[in-house]
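This is what each chain is made of:
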Amino acid sequence: MLTPEQKAERIARRHRERDEKMKTTAGYKVFSAVFTVSYPIIATFTAIFSVVVSVFSKISQAIVWVLSGGKSR
């Protein structure tokens, strides 16, 4: 009968072996490379989109303020 520590070590070893085997596959390497290259593009798009949404939000708030006669915050 295995002790809980031995069982945990065996499970951890299996997970390490599985991860090492996965990292040698072509799919993992391709995904890793594509993700590394595309990450700055995704981050830039996110930042630009956030600014655009913020600008339109301010425009919308200004329109509501004008239409309410300056009573809206």
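In case you missed it, the structure is sitting above this.
This section reports on the structure supplied with the text. (Residues numbered from 1 in each chain as written. Predicted model: local features only at pLDDT ≥ 70, side-chain atom pairs only at ≥ 80, totals over all residues. Heavy atoms only, no water.)

1. What to know about a nonpolar patch on the surface
Moving on, step 1. A surface patch of nonpolar side chains, about 780 Å² in accessible area, is lined by Ile 48, Val 51, Val 52, Val 55, Phe 56, Ile 59, Ile 63 and Leu 67.
Moving on, step 2. On the secondary structure map, Ile 48 appears in helix α2 (residues 26-67).
Moving on, step 3. For Ile 48, a relative accessible area of 51% puts it in the exposed group. (Patch = residues over 30% accessible without salt bridge, like charges linked within 9 Å, V, L, I, M, F, W, Y side chains within 5 Å. Areas by Shrake-Rupley, 256 points an atom, 1.4 Å probe, with all protein chains shown as cover. Salt bridge = Lys/Arg side-chain N within 4 Å of Asp/Glu carboxyl O. Helix = DSSP H or I, 4+ residues; strand = E, 2+ residues; numbered from the N terminus. Buried < 20%, exposed > 50% of the residue type's maximum accessible area, 1.4 Å probe, protein only.)

2. As for the pattern of salt bridges
Moving on, step 1. Taken as a whole and judged by the stated rule, the model has two salt bridges.
Moving on, step 2. Across the pair Glu 17 and Arg 13 runs a salt bridge, and its minimum N-O distance is 3.5 Å. Here Glu 17 pairs with Arg 13, and both are found in helix α1 (residues 4-23), just four residues apart, close to one helical turn.
Moving on, step 3. Judged by its relative accessible area of 42%, Glu 17 falls in the partly exposed class.
Moving on, step 4. Linking Arg 18 and Asp 19 is a salt bridge whose minimum nitrogen-to-oxygen distance equals 3.8 Å.
Moving on, step 5. Judged by its relative accessible area of 51%, Arg 18 falls in the exposed class.

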